[in-house]
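Below, each chain spelled out in residue letters.
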Amino acid sequence: MSITSEPIDFTDLDALVTTVAGPVLTPTDDGYTAELTGFNLVAIPAAQVVVGAAGAEDVAAAVRYARANGLRVGARATGHGAPIEGRGTVVVTTSRMTDIVVDPVTRTARVGAGVRWRDLAAATAPHGLTGLVGSSSSVGVVGYHLGGGLSPLGRRFGWAADHVRSIELVTADGIIRTVDPSAGSDLYWAILGGRDGFGIVTAIEFELFELPTVYGGGIFFAGSAAADVLHTWREWAPTLPEEAGTSVAILRLPPDPNLPAPLQGQLAVHVRYTHTGDPATAAALLAPMRSAGPILLENIDVLPTAALDAVHMDPPGPMPSAERGSILHEFPASAVDALLDVAGPHVASPLAIVEVRLMGGALTQPQRVPNAVAGRHGAFNVVAIGVPAGPLGDQVGAHLAAVTRAVAPWSAGALLNFCGLDAAEREQLWTPEQRVRLETIRRRHDPTGVLRVDDPSFVG
């Protein structure tokens, strides 16, 4: 562990303003709400003070200010996570921390806490390299890694967190530290997979992979064929090799003119597919799915890995959303039927997407570096996302709960980045031994709870 700053406490807000390079705002200041608004328009924080950090020293100053004034502190990058709420809270926004350093020789990248996947992809693509990118290019690279990092490439390469080499963070004492696995750092183990309440991460360094292109895309089937498509998919998906990744999603698409005409306002079933090997082999493996039902649209081809989010076609945002997820130890026919009962084409639902993703492959391998990533034992991941707006907006919570109940007989927990759980519920993602270790580390490094909030989302 290396230390690059010394703690200096101060209590005066004017001193914070003059110390920090970025803006320091209170609820009465112009720009306060805009500074806090991110991807999820439902999860806009409430804060006593918001600090727009331009670098790690600004983050350290914000933590020192919070500690000196008996306040709590959390961070917000892209706004995909849960809100940081409450009076007596300092929120650090890290969206200005966008430094990217790519080393094509060592195949590594170092990124600041505000970097999104689309920014990193633009920097790595000219070298034919990629990180283990998620399904949305608007998600923050740092928070994604800290929560585990489930990539469409994960069945071949494993969890993104397993490829993190070092983490720069500000701990509750206001010190900037760098941790890595070489010294057996407890902070490294905890924050990489535990994510919340151990420090505010300002930068990470991780491995890249030589993979300029993938074969991928999706097939959109008519929603009326949902049962046939899901049953075909659940039998086909587990036969795929580790080079291939896939998911199937029930989509309720808006009448958006930016969507392809066959999809506007439609209920569709989207089979998503990626393959990192030979395109001809990849196409042959996909063939059994093409006869599963009437096809509305197919867009599968050799893609630049930098455009991998085109496979899932996630909304670029911002938008209001709420989600809930579970991992399953199996996905039998009875689970398909249970899911269709609560989210199928006959249900009037505010859920924009209900996705089942194949896990397994390299995702089940032992940790490459010590970390607290939960969910390695999962065979499938189910996530439902609803839009709490419009005629059925007030029913989102009930429908998310219905999906969770439907798959409960096969549930084996959840993934941190997809669970949609509050702080108390998230504790159940880890084993009792891991929970004890995580709590011990939290108390050791933050005995007064500076980094504790009621529903923490310190990096997201």
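As a starting point, this report considers the structure included with it. None of these values were measured; they are calculated from a predicted model.

### Quick word on the packing of aromatic side chains
Following the criterion strictly, the structure yields seven aromatic pairs and no others. Here Trp233 and Phe331 contribute two aromatic rings whose centre-to-centre distance is 6.3 Å and whose plane-to-plane angle is 70 degrees, an arrangement assigned as edge-to-face. Of the two residues, Trp233 is situated in helix α8 (residues 226-236) and Phe331 in the loop between β17 (322-328) and α10 (333-343); the sequence distance between them amounts to 98 residues. Classification of Phe331 by relative accessible area gives buried; the value is 4%. With a centroid separation of 5.6 Å and 50 degrees between ring planes, the pair formed by Phe331 and Phe380 is classed as tilted. You can see Phe331 sitting in the loop between β17 and α10 and its partner Phe380 sitting in strand β19 (residues 380-386), a full 49 residues away along the chain. Here the aromatic cluster, defined as three or more aromatic residues joined through ring pairs, consists of Tyr215, Trp236 and Tyr273.

### Some remarks on the sheet that holds strand β3 (residues 49-52)
On the basis of which strands lie adjacent, the open sheet formed by four strands has the order β2-β3-β5-β4 and mixed pairing. At either end of the open sheet lies a strand with only one pairing partner, and these are β2 (24-25) and β4 (72-76). Across five bridges, β4 lies against strand β5 (residues 89-93) in parallel orientation. Bridge pairing in β5 places Ala75 opposite Val92. Sheet strands in contact with helix α3 (residues 56-68) are β3, β4 and β5, and its direction is about 180 degrees off that of β5.

### Here we look at the pattern of salt bridges
Per the counting criterion, the structure on display carries 16 salt bridges. Here Asp162 ties to Arg376 by a salt bridge, and the two come within 2.7 Å at their closest N and O atoms. Of this pair, Asp162 sits in the loop between α6 (154-157) and β9 (164-170) while Arg376 sits in the loop between β18 (351-358) and β19, and the two are 214 residues apart along the sequence. Arg376 carries the same exposure label as Asp162, and that label is buried. A salt bridge links Asp196 to Arg195, with the nearest nitrogen and oxygen atoms 2.9 Å apart.

What counts and what doesn't
Residues numbered from 1 in each chain as written. Predicted model: local features only at pLDDT ≥ 70, side-chain atom pairs only at ≥ 80, totals over all residues. Heavy atoms only, no water. Phe/Tyr/Trp six-rings, centres within 6.5 Å; stacked < 30°, edge-to-face > 60°. Helix = DSSP H or I, 4+ residues; strand = E, 2+ residues; numbered from the N terminus. Buried < 20%, exposed > 50% of the residue type's maximum accessible area, 1.4 Å probe, protein only. Pairing = 2+ DSSP bridges. Contact = heavy atoms within 4.5 Å. Axes fitted to C-alpha atoms, helices over the stretch in contact; angles between N-to-C directions. Salt bridge = Lys/Arg side-chain N within 4 Å of Asp/Glu carboxyl O.

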